[in-house]
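# Summary of structural features
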Amino acid sequence: MRCKMIRSRIESKCVEINRDPDSVKLLLATKTVEPDRIKQALASGINYIGENKIQELKRKRPELDTENVKFHFIGHLQTNKIKDAIQFSDCIESVDRIHLVEALDKELQKQSRSQDILIQVNTSYEESKFGISPEEAISFVKKISTYGTLKVKGLMTIGIFKAEKEKIRKCFHLLSSIANEIKELGLPNTDMGILSMGMSHDFETAIEEGSTLVRIGTAIFGERIYPDSYYWDEKMHVL
Ligand SMILES: *Cc1c(COP(=O)(O)O)cnc(C)c1O
């Protein structure tokens, strides 16, 4: 496991560009990784876990729960899973459509509670990726800010895949600029403290563009047996 190595790459990058190393948090993307191995990684002082499937989150969280660890849901959220999503996620990073927002609001009202969320933006414009379009993101957040049950903590994106660095950078740059525009609106129930962007192959570029939360799987745990499209594309059923 390579948590220390990743943490030190994050720190070097921050030092290089004059950012405070503590301003970038490391989230373990733990899909397919069993709790024993996740525990070893957590022992190196990591405080965030991200899961892509509600069933997996529900199964693993009880084994991993400690006060210091926050669980983020980073996969595509179907409306029939929102009860469990609310129960098991400290933050849902993948809110991307009004239908889902309405369903979450309804359930949260019923339970008289609120939920931290991020808005997933499709900055690469790839059809296979979920996320609200960059053009719709601001009006989407404005709408959500009127609900009260949903606390928008920032934005999330997945950079374009298998592309040149500069194309990847463009995605991250776009997310940062949308966050800045939203910040200036001073909306209720909204702050832009979290910019969740950057994965194993592109986290250093993401940090250069202002990421505050990098989501790392492969570079820490090794290759997975299922293709990533399984986690990102509802139409694909590998299992
Ligand atoms: C799997 C996954 C990651 C981590 O990807 P790696 O390339 O393994 O680091 C990050 N974000 C999301 C949404 C993921 O599904």
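To start, this report covers the structure provided alongside it.

Thresholds applied
Along each chain, numbering runs from 1 in the same order as the chain's sequence is written. Where local features are concerned, this predicted model is filtered to residues with pLDDT of at least 70; where side-chain atom pairs are given and counted, the filter is 80 or more; whole-chain, interface and lining totals use all residues. Hydrogens and water are ignored here; the side-chain numbers use all heavy atoms of the structure. Burial classification: accessible surface area is computed with a 1.4 Å probe over protein chains only, and a residue below 20% of its type maximum counts as buried, one above 50% as exposed, and the rest as partly exposed. Think of it this way: any DSSP run of H or I at least four residues long counts as a helix, any run of E at least two long counts as a strand, and we number them from the N terminus. Think of it this way: DSSP has to see at least two bridges between two strands before they count as a pair. Handedness is read with the strands pointing away from the viewer; a crossover is right-handed when the path from the first strand over the helix to the second is clockwise. The definition used for a disulfide is geometric: two cysteine sulfur atoms within 2.5 Å.

Every regular strand shows the same layout, with side chains that alternate between the two sheet faces. Within strand E4 (residues 91-95), five of the five residues are buried, leaving the element largely enclosed by the surrounding structure. Summarising the sheet, strand E3 (residues 70-73) and E4 pair through two bridges and their orientation is parallel. Residue pairing across strands places His-72 opposite Cys-91, the latter belonging to E4. The parallel pair E3 and E4 is bridged by helix H4 (residues 82-88), and the resulting crossover is right-handed.

As enumerated under the stated definition, the model contains zero disulfides in all. Among the cysteines around Cys-3, which has no disulfide bond, Cys-14 carries the closest sulfur, lying 17 Å off. On the basis of relative accessibility, which here comes to 0%, the residue Cys-14 falls in the buried class.

Before going further, it helps to examine unusual backbone geometry. We note that Ser-112 has phi near 50 degrees; this positive angle belongs to a residue other than glycine. Locating Ser-112 in the fold gives a position in the loop between helix H5 (98-110) and strand E5 (115-120).

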